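Tertiary structure, described
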Amino acid sequence: MRLGATLARLAPGPPIVVAEWAKRLVGEGFESLWTPQIIGRGFPVPDPFVTLAVAATATEHVEVGTATVQVPLHHPADLAHRVRSLLSVCGDRLTLGVSPGSTDLDYAALGRDYGARFRNFDENLPRLRELLPDGPPLLLGSWGAKVERAAREFDGWLASAYRRTPEQILAAHERYRAAGGQRAIVCAVPVSADLGPTGEVLHRYAEAGFDDAVVLLAPDGPDPAAVRALLS
């Protein structure tokens, strides 16, 4: 199982110097760098397209990805333009994780209808695909019945571990594979100060057959080298 790391916090904290952090993570052997789209949570999270452009410029070869972009918050043409702009910086290193979104605060910040997010996602996604015919791999961040949809219609699945238990994630992974799913990534895996439990969880995901895990890591957290060594 490949191991990646996040480039943004999911909680309040000092700003991350993205270029330096990306270089450090890649230097310690992390194989992918990811960031979410978060707008209205009460603390600043940098724009994912800006963040990944900086990370791609500061590093070589490593994959960069969104986990995830909330498609209904964008006009499809604007989103496609931003994706193409990022592709011009990082080329085939980009993976685009998309979702309808899961937090009403982001929708409220932009004056969008949170209740209509699934319908808007289904309306906007075909147009986005049309505008990105040669675009990056498209992964769906999903739960519930959408796990099977990720297997049928997307290049992979993003399972967020931020609010889910390992048992929930492993059960959903079984369904995803049974439906013929390809790449499976468990993202936003919390890292505790005591790395023992984190290592146990990562090994459970690896044994279950996940292709990648992406840990929530910040410069003021556990040493990246020690976290990377959990899967050595």
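Residues numbered from 1 in each chain as written. Predicted model: local features only at pLDDT ≥ 70, side-chain atom pairs only at ≥ 80, totals over all residues. Heavy atoms only, no water.

The next thing to look at is the nonpolar core. If you look at the biggest cluster of nonpolar residues, it comprises 58 residues, and the most contacted ones within it are Trp157 and Val215. Tallying contributions element by element places helix α3 (residues 76-90) first for this core, with six residues. (Core = buried A, V, L, I, M, F, W, Y, C linked by side-chain atoms within 4.5 Å. Buried < 20%, exposed > 50% of the residue type's maximum accessible area, 1.4 Å probe, protein only. Helix = DSSP H or I, 4+ residues; strand = E, 2+ residues; numbered from the N terminus.)

Within the structure shown, the criterion is met by 16 salt bridges. Between arginine 2 and aspartate 212 there is a salt bridge whose closest N-O contact spans 2.9 Å. Highlighted residues: arginine 2 in strand β1 (residues 2-6) and aspartate 212 in strand β8 (residues 212-215), separated in sequence by 210 residues. Close ionic contact of arginine 149 with aspartate 122 constitutes a salt bridge, the shortest N to O distance being 2.7 Å. Pair noted here: arginine 149 is in helix α6 (residues 146-153) and aspartate 122 is in helix α5 (residues 117-131), with a separation of 27 residues, a long-range link. By relative accessible area, which is 37% here, aspartate 122 ends up partly exposed. Where salt bridges share partners, they join Arg2, Glu63, Arg183 and Asp212 into one cluster. (Salt bridge = Lys/Arg side-chain N within 4 Å of Asp/Glu carboxyl O.)

Here we come to the environment of leucine 25. Tracing the backbone through its elements, the reader meets leucine 25 in helix α1 (residues 18-27). Residues contacting leucine 25, with those up to four places away along its chain left out, are Ala5, Thr6, Leu7, Phe30, Leu33, Leu217 and Pro224. (Contact = heavy atoms within 4.5 Å.)

If you trace the eight strands once around the closed barrel, you get β1-β2-β3-β4-β5-β6-β7-β8, paired in parallel fashion. Sheet twist, expressed as the mean angle between neighbouring strand axes with direction ignored, is 25°. Here strand β6 (residues 156-160) runs beside strand β7 (residues 183-189); their pairing, made up of five bridges, is parallel. The residue of β7 that forms the bridge with alanine 159 is valine 186. Those strands touched by helix α8 (residues 195-208) are β1, β7 and β8, and its axis lies near 170° from that of β7. (Pairing = 2+ DSSP bridges. Axes fitted to C-alpha atoms, helices over the stretch in contact; angles between N-to-C directions.)

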